[in-house]
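One letter stands for each residue in the lines below.
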Amino acid sequence: MFSKFTSILQHAVEALAPSLPLQEDFVYHWKAITHYYIETSDDKAPVTDTNIPSHLEQMLDILIQEENEREFGETGPCMEYLLHHKILETLYTLGKADCPPGMKQQVLGFYTKLLGRIRQPLLPHINVHRPVQKLVRLCGEVLAAPTENEEIQFLCIVCAKLKQDPYLVNFFLEICQDPVLHCLCSRQEMSQAAENSWNKSKASFARGPASESFLGNPEKAKNASTPDTGQPLAADKTGAESARETELSQQADEVSVSLNQLGMSSEGEAAANHSSHNYNLVNSLLNLTKSPDGRIVVKACEGLMLLVSLPEPAAAKCLTENTALCELLTERLTVFYRALPQSMDPLDIETVESVNWGLDAYNLKEDATAFPGKRALISFLSWLDYCDQLIKEAQKMAAVKLARAVRERFLVSVMEPQLMQTSEIGILTSTALLNRIIRQVTSEALLQETIYFILGEQREPETLRDINRYPLRHRLIEHCDHLSDEISIMTLRMFEHLLQKPNEHIISNLVLRNLEERNYAEFKPPCQEDKDVVENGQIPGAVDLEEDPLFTDFSPDNRVLSADWLSVSPPQTPDHTKPDGKTEVHKIVNSFLCLVPDEAKSSYHVEGTGYDTYLRDAHRQFRDYCAICLRWDWPGTPKPFEKCNLDSRFFEGHFLKTLFDRMGRILDQPYDVNLQVTSVLSKLALFPHPHIHEYLLDPYVNLAPCCRSLFSVIVRVVGDLMLRIQRIPDFTPKLLLVRKRLLGLEPEGPSIDHMTLLEGVIVLEEFCKELAAIAFVKFHASTTP
């Protein structure tokens, strides 16, 4: 109470007394602080019981006032005094000793306000960045310390200053092995960095003697590491002013003795500190990310994000090689992942609300939609979002290394065993989580590493013998055709989301590498005999459905094999190919639209289910895919047959093989599975690559022996369907009823025989319309200038 009364009285006296020049006032407050250490006999009293906080606040106000009264960048005498006499060094020493108790908080606050409120660049000065660097090392030493809030505020303001002038980060890198060599190198780097920073800034300390003393004169810089409350060199002052400064210098000697007696001297500290090989600013922030206070953790994460974005290569290298940042990211991902329940509903994983890191406040009591493990899932997704955003903001080299660490230490070490297990519940949960990770990742580097983790890095054509060359890829594709429909659907959905990511390796690894040589097509150079055949109305190499083994069981008078149905096959006309090699689009569209026989069609009985409904969606989706693929430099036309290796045996690849096998069983699979299979195939067909278009969307491609395409697979399905239709009474009315129930136009009623088959036919009809729409949109996009 007495100290507070004294402080109030002092302020009153200062208010009534005549105002002193700013420099004298500044020196007065600093002398008041130093006299405390000379005269005090009780170093256990808290700093709040002294006038030190008030004097520090007054000094700061004076510095701000002085700057406001001068031109921008001009250094005033008070700032010169602070720099010359290494006041920040002395304050650091007092803060490190925390004498009196609570002094560390006061020092941290003073540093933070000084760096934050003074507009001129201070960090380039050796008597600023050196004590700042030392003070950084004191932050995060003790978890849940009473100074945590002040520490994080100080570290964040330092990070913000480095963001403004990234080259200054070199002052905070300590990676040299030899302490002596490091000390010499650091002084050269600091001097050069300061000079560069000064050239960049409008403000220049060259106006005052301080910059000359320490940046332009190496001799004077030799003593820069000595803590000093002292005064300017006597040679710089004359007369009465010099006498006054001599008196203050004597007082400074007394302060130094007092500090030594209190065990607070920093002599010899420079050499000890230079033996550190760490990026101490990062390490201090990493320590504070372990704080039990969530607000401190968020601020520390923000500081790390500022530092990783700095463009300096040396900082990026030190960040990934000399700090524990990679370990922090991956270890927390692992901890959060392992905290998840072993079994979770995939729908819960897929539909949980979007999570932004630092904003994952969650109240279980207030959450009416909570499910087991939701809190743990939100924590995992929140930290994943932070890793993703950190890598997105990081300098390019740092981003690659951070992403690779996530792949090696989390995806491979933790997730891969979960995806490779045999437990169906475990497979389903881990695949759903992988799907959520794919959807959430947006940074280029992390997405690349995630794709390599899932698919491997191979790009050469596949063969049947080496499809299991990358075990995880092989297992995931096999899961698309798993005995469990749930696993199949979830894995297919994962691949569907993967195909929508802006990375060329995905489509190349899964599909394009097997179509590169176009050996799915049989190349026959045109000859005179072929021309004669064409003139007679036949297409060389065209498939005659009447000779297909699937159709030989029909009787000649079968109504399904009428001439009307046969006319839906690719029209046998000599003008089906345009001079530029592109099949006329209307013939392709009709080939798909007429592929399903009229007896198996039901959409024309229901309004709003026509072919035109797919055109709008196809146009929008194709435009999106073109935007993604624009920078991949794909060719506009297929590779000429003359340049293709047609002798090699064609294999569509493991992925397309699985999808085609699934498509071939569309009449015998559950409705949800069929929807997912056709959805993935339609996404593939949208890619604007000529080989994909030819292989998946051109019914007229002349397939090589033992090869199949998407159209040929559907033709086989239709042939099988025609056989089955004959054995189902009232097929068309039942088909229409099932369609109306699926659309919600009819209430659920008694079960219908052959439900799986009827649902499969509906999906088949809709899929053919979708393929027709995609082919139409792609053709017109390629012909529109």
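Residues numbered from 1 in each chain as written. Predicted model: local features only at pLDDT ≥ 70, side-chain atom pairs only at ≥ 80, totals over all residues. Heavy atoms only, no water.

### Section: the packing of helix 23 (residues 471–479) against helix 30 (residues 654–664)
One can describe the packing of helix 23 onto helix 30 by two numbers: an axis separation of 9 Å at closest approach and a directional angle of 10 degrees. Of the possible angle classes, the one that applies to helix 23 and helix 30 is roughly parallel. Where helix 23 approaches helix 30, its residues Arg473, His474, Ile477 and Glu478 are matched on the opposing element by His654, Phe655 and Thr658. (Axes fitted to C-alpha atoms, helices over the stretch in contact; angles between N-to-C directions. Helix = DSSP H or I, 4+ residues; strand = E, 2+ residues; numbered from the N terminus. Parallel < 35°, antiparallel > 145°, perpendicular 65-115°, else oblique. Contact = heavy atoms within 4.5 Å.)

### Regarding a negative patch on the surface
There is a patch of like negative charges on the surface, built from Asp345, Glu424, Asp485, Glu486 and Asp672. Within the secondary structure, Asp345 sits in the loop between helix 17 (325–338) and helix 18 (346–351). The exposure class assigned to Asp345 is partly exposed, which follows from its relative accessible area of 39%. (Patch = residues over 30% accessible without salt bridge, like charges linked within 9 Å, V, L, I, M, F, W, Y side chains within 5 Å. Areas by Shrake-Rupley, 256 points an atom, 1.4 Å probe, with all protein chains shown as cover. Salt bridge = Lys/Arg side-chain N within 4 Å of Asp/Glu carboxyl O. Lys, Arg positive; Asp, Glu negative; His and termini not counted. Charge placed at Lys NZ, Arg CZ, Asp CG, Glu CD. Buried < 20%, exposed > 50% of the residue type's maximum accessible area, 1.4 Å probe, protein only.)

### Re the environment of Val589
Relative to the elements of secondary structure, Val589 occurs in helix 28 (residues 585–593). Along the primary structure Val589 and Phe776 are separated by 187 residues, whereas in three dimensions their C-alpha atoms are 6.6 Å apart. Setting aside anything within four residues of it in sequence, one finds Val589 in contact with Tyr611, Ala772 and Phe776.

### Here we look at the packing of aromatic side chains
All chains considered together, the criterion is met by 17 aromatic pairs. Centroid distance Phe380 to Phe410: 6.0 Å. Interplanar angle 45 degrees. Geometry classified as tilted. A residue pair is termed long-range when its members are at least 10 positions apart, and Phe380 in helix 19 (residues 374–393) and Phe410 in helix 20 (residues 396–419) qualify at 30 residues. Grouping residues by exposure puts Phe380 and Phe410 together as buried. Members of the aromatic cluster, connected to one another through ring pairs, are Tyr520, Phe650, Phe660 and Tyr695. Across the ring face of Trp383, the terminal group of Arg332 is positioned such that the distance to the ring centre comes to 5.1 Å. Sitting above the plane of the Phe641 ring, Arg518 keeps its charged end 3.8 Å from the centroid. (Phe/Tyr/Trp six-rings, centres within 6.5 Å; stacked < 30°, edge-to-face > 60°. Lys NZ or Arg CZ within 6 Å of the ring centre and 35° of its normal.)

### Digging into the confidence of the model for the protein chain
In the predicted model, the protein chain carries a mean pLDDT of 81, and the fraction of residues at 70 or more is 75%. Throughout residues 175–241 the model reports pLDDT below 50, and contacts reaching past four residues in sequence, or to other chains, amount to 128 contacts. (pLDDT = per-residue confidence, 0-100.)

### Describing the pattern of salt bridges
Taken as a whole and judged by the stated rule, the model has 34 salt bridges. Between Asp598 and Lys601 there is a salt bridge, with the nearest N and O atoms lying 3.9 Å from each other. The salt bridge involving Arg739 is made with Glu766; its shortest N-O contact spans 2.8 Å. Of this pair, Arg739 sits in helix 34 (residues 731–742) while Glu766 sits in helix 35 (residues 755–783), placing them 27 residues apart in sequence. Through salt bridges with shared partners, a single network forms among Arg404, Arg407, Glu449 and Glu457.

### Side note on unusual backbone geometry
In this model, Cys99 is joined to Pro100 through a cis peptide bond whose omega is -5 degrees. Topologically, Pro100 is positioned in the loop between helix 5 (87–97) and helix 6 (103–117). With a phi angle near 60 degrees, Ala144 is a residue other than glycine that sits in the positive phi range. Position of Ala144 among the secondary structure elements: in the loop between helix 7 (126–138) and helix 8 (148–164). Located in the positive-phi region is Arg518, a residue other than glycine, with phi close to 55 degrees. With respect to the helices and strands, Arg518 occurs in the loop between helix 25 (504–515) and helix 26 (528–535).

### A short note on helix 3 (residues 52–68)
Taking 1.5 Å per residue, 17 residues should reach 24 Å; helix 3 reaches 25 Å between its end C-alpha atoms and fits that length. Within helix 3 the residues assigned to the buried category are Ile52, Ser54, His55, Leu56, Met59, Leu60, Ile62, Leu63, Ile64, Glu66 and Glu67. (Expected span 1.5 Å × (residues − 1).)

### Details of the nonpolar core
The biggest cluster of nonpolar side chains holds 215 residues, and the ones touching the most others in it are Leu91, Phe154 and Tyr279. No other element matches helix 35, which puts 15 residues into this core. Beyond its immediate sequence surroundings of up to four residues, Leu91 is in contact with Trp30, Leu56, Met103, Val107, Phe110 and Tyr111. (Core = buried A, V, L, I, M, F, W, Y, C linked by side-chain atoms within 4.5 Å.)

### Observations concerning helix 8
Every α-helix carries 3.6 residues per turn, so stepping three or four residues along brings you back to the same face. Over its 17 residues, helix 8 extends 25 Å from the first C-alpha to the last, a length consistent with the 24 Å expected when each residue adds 1.5 Å. Packing partners of the buried residues in helix 8 comprise helix 6, helix 7, helix 14 (280–288) and helix 15 (294–308).

### A few points about the packing of helix 20 against helix 22 (residues 444–455)
Contact pair helix 20 / helix 22: the axes reach a minimum separation of 9 Å and the direction vectors enclose 35 degrees. As for how helix 20 packs across helix 22, the hand of that crossing is right-handed. Each of Ala399, Val400, Ala403, Arg404, Val406, Arg407, Leu411, Val412, Met415, Glu416 and Leu419 in helix 20 lies in contact with helix 22, whose residues at this interface are Ala445, Leu446, Glu449, Thr450, Tyr452 and Phe453. A per-class count over the contact of helix 20 with helix 22 returns 12 nonpolar, 1 polar and 4 charged. (Left-handed = near helix turned anticlockwise from the far one by under 90°. Nonpolar A, V, L, I, M, F, W, Y, C, P; charged D, E, K, R; others polar.)

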